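Residues per chain are reported as follows:
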Amino acid sequence: MTQEKLVKTNCRFCGYQCGLTATVTDGRVTAVEPDPTQYPGDAGIQRGCRRWRVAPEFLDHPQRINYPLKRVGERGSGQWQRITWDQALDEIAAKLATLKERHGPEMLATCIGGPHAVFWPLHRFMNLFGSPNNVGIGQICWNPATWVNALTYGWTIENELDPEKTACAMFWGTNPAESDNSLLWRTLVRFSQTGKPLIVVDPRRTRTAELATLWLPVRPGTDAVLALGLINVIVAERLYDETFVDRWCNGFARLAEHVARYTPAYVESVTGIKAETVVAAARLYAGNAPATLISGRGIDQIGANSFATQRGLAIMRAITGNLDTPGASHITDMPDFIPEIDLELSDRFPAEARQKRLGSLALQSYPGYERVRRLTMRHGRRLPMRYLTSAQPNLVWRAMLTGEPYPIRSLIVMATNPLLTQADSRLIYDALKSLDLLVVLEMFPTPTTMLADYVLPSAGALERPLLETKAGTANLAYGGAKAVEPYYERRPDYDFWRGIGLRLGQENDWPWQSFEAALAASMEPTGWTWDDFCREGLYTLPPEYRKHEHIDPQTGQPAGFATASGKVELYCGLVAELGGDPLPVPQPTPATSEEYPLSLITGARFQPYFASSFRQFASLRSAHPEPWAEVSVATARRLGLEDGCRVWVETERGRASFTLRIARMGDGVVSVEYGWWYPEMAAAEPSIGGLWAANANTLTNADYETSDPMIGTATYNGLPCRVSRAE
Ligand SMILES: Nc1nc2c(c(=O)[nH]1)N[C@H]1C(S)=C(S)[C@@H](COP(=O)(O)OP(=O)(O)OC[C@H]3O[C@@H](n4cnc5c(=O)[nH]c(N)nc54)[C@H](O)[C@@H]3O)O[C@H]1N2
Ligand SMILES: Nc1nc2c(c(=O)[nH]1)N[C@H]1C(S)=C(S)[C@@H](COP(=O)(O)OP(=O)(O)OC[C@H]3O[C@@H](n4cnc5c(=O)[nH]c(N)nc54)[C@H](O)[C@@H]3O)O[C@H]1N2
Ligand code: SF4
Ligand SMILES: [Mo]
């Protein structure tokens, strides 16, 4: 008899994990529907999203990886043998043991990507194994704001957007129209319908910019100058919140002196934004409290200017009284559940191993982390450690190739496709080819799996439970149950880390037999069972505001901020101690030349894809079959190119080809899509799934020497480039 049931589960095709109801017939998902009773809890949210609709097809897609695979031919030859999980785990563990014996534990690196999966089991394994070498995406995604807010406010914040409460919104280097298609975008549309001011800072006139009262088409990479210019106007016109500044900000006089030279006229000369627009934006933002200020990847990918810009934004929020107030932002709390740093077991990572971290960044490093932790601990808070200390990708690739300063001989890749999504694909390609062992945990063949020694089949959406916790930086967790047992021999990634951990002497540190049991254990301190959590889909408490004013019962004093001064650090002495600028100082942007006269943006998001994923799905591909490069009408005319023609985009590093599209954006700027490869092409050398055709990251580089010295942020936006017709 056919067994049919409805199961509460989640989509996992972006960080939102919207609630779904799955129809399960005899252990297989036959349909999914949005479940608005679950997070993010708005019936209309998923209407605009195409991705969740492919969830049933995702489970049975003909390209899905279903069994552990071992390479039999040459690396990249596309010849595989099916093996058992036990054989795979035994062989991988044995190889790691041999390589560790020969080169030390730091010979192993891991590589992780965006918000697709739960990563603490990987970090836990690596801490116990003894290697600091995790390559993440943090230096250009999330970490700049996290570090800067911790330095400036003593902890991280959540920026709010509430159409009722928020009086003004500023969106800076972010385009939720394409990157979010969910809660934030819908809320922004509702906000814009109220007629309240919306300011958008973006070189492109995005759909977000279309909603704006004021659009500031900044020259890529010059955002720090713009931020200082806005602060200049706010100070000069006394638009700041005097009470808050006097009582709760450190270094206002020095800030005022520092910003004096960033006059609107000067800002215009650097950023291309008209002086009167700079003044108007400052007045709108500072004159309409509560104002929110939401930033994104646009300013997290501009080298050392990311740090300076994020500092400028953090200062703007504070001096206008928009910190920890309803409708603007709130400082988040430590979670009630077990925070990531404890699940990682980072405090057991030995001092000798910490010293092996490649590169001497001031913040994104173990010493930097410890300096900041001493401060955040004043309020009993600890940031996740592995992600904020993760290795400098460029130095890891180079160590693989050169053995300097020590050999890195093996890499385990989980939930990422670094050949498409890390800067400098050529360098990464050479590095991967040189390894003794490359293991990839995946759901689909990708250019990265094509170079692997072992590919292990991951249980994906609907096949595994989920728990998203913002890495333990807020008292917020969402997710829920799987809908079905994994199909074929797919397993949750957790099983892999536990499996090799048990084989490598970590028996005592993997007490939970299943991923579910591990997630349940992490929620235990909340008093909720795993079933309680799955029923609710969300664990959180309403935010509290103005927590700096709360009287500490022990001292009788207000709590203040967890910084050296106990106030908001407009002037930040700790940055100076770490060798940086205590007030934000813009850095030179890479200079265009006669040869490379244009400024390149790589990676602005677009639907219906996520990074390099989902090109295999015909229903999605037909909506967006080709990679685009966008320029303004004036730029196209100057280059003698027309809409729809095929072009080469070239930087000093390499070239890639795109279809040209004319769009509304700043002149002299080129924006290329990232993540493009062709799953329909041969899954072997030399094509490697069309890796070299339109890959934006053949154009980027993340050389350590030119990256930001505090966090290691590389330049993905504002790169000198040229565009020419491709014959
Ligand atoms: N030039 C340029 N490069 C960029 C950016 C940019 O703006 N410009 N943005 C950067 C940013 S912010 C990010 S976050 C990254 C995103 O880059 P990635 O994180 O690499 O994202 P994807 O390309 O989607 O690759 C994710 C892969 O993981 C697999 N996967 C999904 N879920 C799971 C899982 O649970 N387990 C396992 N084992 N595999 C899974 C998918 O099948 C897919 O192949 O790209 C970065 N790279
Ligand atoms: N469809 C889709 N959605 C996604 C993703 C995806 O791959 N596809 N990825 C997810 C991930 S991992 C992330 S991190 C988020 C990112 O989400 P967002 O932060 O919204 O990222 P983008 O859409 O890349 O928006 C960045 C914007 O910055 C602009 N920009 C480029 N250079 C500059 C500059 O120098 N200064 C300023 N001020 N702006 C600049 C770009 O034109 C672009 O509009 O999106 C998530 N959502
Ligand atoms: S926004 Fe779309 S892709 Fe993201 S979780 Fe929700 S349904 Fe899935
Ligand atoms: Mo990201």
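Every value quoted in this text rests on a predicted model; they were computed, and no experiment measured them. (Residues numbered from 1 in each chain as written. Chains lettered and ligands numbered in written order. Predicted model: local features only at pLDDT ≥ 70, side-chain atom pairs only at ≥ 80, totals over all residues. Heavy atoms only, no water.)

Engineer: Would you mind showing me how to read the overall build of the protein chain here?
Structural biologist: Along its length, the protein chain carries 25 helices and 27 strands. In terms of C-alpha radius of gyration, the protein chain reaches 25 Å, essentially the compact-globule figure of 27 Å for 727 residues. Seen along its three principal axes, the alpha-carbon backbone of the protein chain occupies a region of about 70 × 70 × 55 Å. Relative to all contacts within the protein chain whose residues are 6 or more apart in sequence, the contacts with residues 24 or more apart total 75%. (Helix = DSSP H or I, 4+ residues; strand = E, 2+ residues; numbered from the N terminus. Rg over C-alpha atoms; globule rule 2.2 N^0.38 Å. Contact = heavy atoms within 4.5 Å.)

Engineer: It is not clear to me how the domain arrangement of the protein chain should be interpreted in this structure. Could you clarify?
Structural biologist: Many structure descriptions define interface size as the accessible area lost when the parts assemble. Split into domains, the protein chain comes out as domain 1 (4-59), domain 2 (69-136 + 335-459 + 489-507), domain 3 (157-331) and domain 4 (598-725). Counting residues at the interface gives 33 residues for domain 2, matched by 33 residues for domain 4. Together domain 2 and domain 4 conceal approximately 2700 Å² of surface at their shared face, both sides included; 61% is due to carbon and sulfur atoms. Summed over the three residues of domain 2 that lose the most area to domain 4, namely Leu420, Asp424 and Met450, the buried surface amounts to 21% of that side. Seen at the junction of domain 2 and domain 4, the total is three salt bridges. Here Asp424 and Arg653 are joined by a salt bridge, their closest N and O atoms 2.5 Å apart. The tally of links from domain 2 across to domain 4 stands at 20 residue pairs in polar contact (both at pLDDT 80 or more). (Domains from an automatic or database assignment. Buried area = accessible area lost by both parts, 1.4 Å probe. Salt bridge = Lys/Arg side-chain N within 4 Å of Asp/Glu carboxyl O. Polar contact = N/O pair within 3.5 Å; in protein donor to acceptor, adjacent residues only side chain to side chain.)

Engineer: Please explain the environment of Gly712 as it appears in this structure.
Structural biologist: Examined against the element boundaries, Gly712 turns out to sit in the loop between strand S26 (669-672) and strand S27 (717-725). Look at Gly712 and you get buried, because its relative accessible area is 4%. Sequence separation of Gly712 and Thr30 is 682 residues, and the distance between their C-alpha atoms is 46 Å. For Gly712, the residues in contact, after removing those within four places along its chain, are Gln139, Leu361, Gln392 and Ser707. (Buried < 20%, exposed > 50% of the residue type's maximum accessible area, 1.4 Å probe, protein only.)

Engineer: What's the story with the layout of surface pockets in this structure? I'm lost.
Structural biologist: Put simply, the second largest pocket is a space of about 920 Å³. When residues of the lining of the second largest pocket are traced back to their parent elements, those giving at least two are helix H13 (304-319), strand S22 (598-602) and S27. In terms of residue count, S27 provides more of the lining of the second largest pocket than any other element does, four residues in total. The residue inventory of the lining of the second largest pocket, partitioned by class, reads 21 nonpolar, 21 polar and six charged. When residues of the lining of the second largest pocket are assigned to domains, at least three fall in each of domain 3 (157-331) and domain 4 (598-725). (1 Å grid on protein atoms, 1.4 Å probe; cavity = no way out; pocket = protein on both sides within 12 Å on 5 of 7 lines; lining within 4 Å. Points joined across faces, edges and corners; volume = space filled by probe spheres on them. Nonpolar A, V, L, I, M, F, W, Y, C, P; charged D, E, K, R; others polar.)

Engineer: What am I meant to see in the site of ligand 3 here?
Structural biologist: Residues in contact with ligand 3, as listed here, are Cys11, Phe13, Cys14, Tyr16, Gln17, Cys18, Gln46, Cys49, Arg51, Trp52, Asn181 and Ser182. In terms of residue class, the shell around ligand 3 is built from seven nonpolar, four polar and one charged. (Near = heavy atom within 4 Å.)

Engineer: How should the packing of helix H8 (residues 223-236) against H13 be read in this particular structure?
Structural biologist: The relative placement of two packed helices is expressed as an angle between their axes plus a distance between the axes. Contact pair H8 / H13: the axes reach a minimum separation of 8 Å and the direction vectors enclose 20°. The angle between H8 and H13 falls in the class roughly parallel. Once H8 is placed against H13, the crossing between them reads as left-handed. Across the interface between the two elements, Asp223, Ala224, Ala227, Leu230, Ile231 and Ile234 of H8 pack against Asn305, Ala308, Thr309, Gly312, Leu313, Ile315, Met316 and Ile319 of H13. The residue makeup of the contact of H8 with H13, split by class, is 10 nonpolar, three polar and one charged. (Axes fitted to C-alpha atoms, helices over the stretch in contact; angles between N-to-C directions. Parallel < 35°, antiparallel > 145°, perpendicular 65-115°, else oblique. Left-handed = near helix turned anticlockwise from the far one by under 90°.)

Engineer: Would you explain the site of ligand 1 in this entry?
Structural biologist: Lining the immediate environment of ligand 1, one finds 30 residues, of which Thr421, Glu442, Arg464, Ser612 and Ser613 sit closest. Residue Glu442 places a side-chain N or O atom 2.5 Å away from an oxygen atom belonging to ligand 1. Ser612 places a polar side-chain atom, nitrogen or oxygen, 2.5 Å from an oxygen atom of ligand 1. Looking at the shell around ligand 1 residue by residue, the classes come out as 11 nonpolar, 14 polar and five charged. Here the shell around ligand 1 spans two domains, since at least three of its residues come from each of domain 2 (69-136 + 335-459 + 489-507) and domain 4 (598-725).

Engineer: Just to check I follow, could you spell out the packing of aromatic side chains for this structure?
Structural biologist: Any pair of aromatic rings gets described here by the distance separating the centres and the angle formed by the planes. All told, the structure shown has 29 aromatic pairs when counted by the stated rule. Taken together, a centroid distance of 5.0 Å and an interplanar angle of 85° make the contact between Trp528 and Tyr539 edge-to-face. Here Trp528, found in the loop between helix H21 (515-523) and helix H22 (530-536), pairs with Tyr539, found in strand S20 (residues 538-540); they are 11 residues apart in sequence, far enough to count as distant. For Trp528, a relative accessible area of 24% translates into the label partly exposed. The buried category is assigned to Tyr539, whose relative accessible area is 9%. Here the aromatic residues Phe13, Phe58, Phe444, Phe614 and Phe617 are joined through ring pairs into a cluster of three or more. (Phe/Tyr/Trp six-rings, centres within 6.5 Å; stacked < 30°, edge-to-face > 60°.)

Engineer: Even after reading the chapter, I still don't get H8, so can you show me in this structure?
Structural biologist: Since there are 3.6 residues in each turn of an α-helix, residues three or four apart along the chain are aligned in direction. Taking 1.5 Å per residue as the helical rise, H8 with its 14 residues ought to reach 20 Å, and the 20 Å between its terminal C-alpha atoms agrees with that figure. In terms of burial, H8 is largely enclosed, as 13 of its 14 residues are buried. Of the residues one or two after H8, Arg238 is the one with positive phi, at around 50°. (Expected span 1.5 Å × (residues − 1).)

Engineer: How do you make sense of helix H4 (residues 143-153) when you look at a structure like this?
Structural biologist: When you tally the buried positions in H4, you get 11 out of 11 residues, the bulk of the element. Along its buried surface, H4 packs onto strand S8 (157-159), H13, strand S14 (329-331), helix H16 (366-376), strand S21 (568-569) and helix H23 (573-577). Positive phi appears at Gly154, one or two residues downstream of H4, with a value of about 90°.

Engineer: I'm lost on the sheet that holds strand S13 (residues 291-295) in this one. Help?
Structural biologist: Sheet strands associate in pairs through backbone hydrogen bonding, adopting either a parallel or an antiparallel arrangement. Spatial strand order, S11-S10-S9-S13: four strands in an open sheet with parallel pairing. The sheet terminates laterally at strand S11 (214-216) and S13, the two strands that pair on one side only. Between one strand and the next, the sheet's axes are offset by a mean angle of 10°, whatever the strand orientation. Sheet analysis places strand S9 (residues 168-172) next to S13, joined by five bridges and oriented parallel. (Pairing = 2+ DSSP bridges.)

Engineer: Honestly, the sheet that holds strand S2 (residues 19-25) in this entry has me stumped. Any pointers?
Structural biologist: Spatially, S1-S2-S3 is the arrangement adopted by the three strands of the open sheet, whose pairing is antiparallel. The two strands at the open ends of the sheet, each matched to only one other strand, are strand S1 (4-10) and strand S3 (28-34). Going across the sheet, the axis of each strand differs from the next one's by a mean of 30°, ignoring polarity. In terms of strand pairing, S2 meets S3 through six bridges, oriented antiparallel. Among the inter-strand pairings, Leu20 is bridged to a residue of S3, identified as Pro34.

Engineer: Hey, could you run me through the nonpolar core in this one?
Structural biologist: Within the largest apolar cluster, 77 residues are counted, with the highest numbers of intra-cluster contacts made by Trp172, Leu226 and Ile319. Top contributing element to this core by residue count: H8, with nine residues. Mapped onto the domain boundaries, this core takes at least three residues apiece from domain 2 (69-136 + 335-459 + 489-507) and domain 3 (157-331). Beyond its immediate chain neighbours, meaning those up to four positions away, Ile319 contacts Ile231, Ile234, Tyr240, Asp241, Val245, Phe252, Leu255 and Leu570. If you look at the next biggest cluster of nonpolar residues, it comprises 51 residues, including Phe515, Leu519, Cys534 and Ala714. (Core = buried A, V, L, I, M, F, W, Y, C linked by side-chain atoms within 4.5 Å.)

Engineer: I'm lost on the side chain of Arg386 in this one. Help?
Structural biologist: Here Arg386 is to be found in the loop between H16 and helix H17 (393-402). We note that Arg386 is buried and unpaired, the nearest opposite charge coming from Glu344 at a distance of 6.1 Å. Within the structure, Arg386 has its side chain in polar contact with the side chain of Asn127 (distance 2.8 Å). (Lys, Arg positive; Asp, Glu negative; His and termini not counted.)

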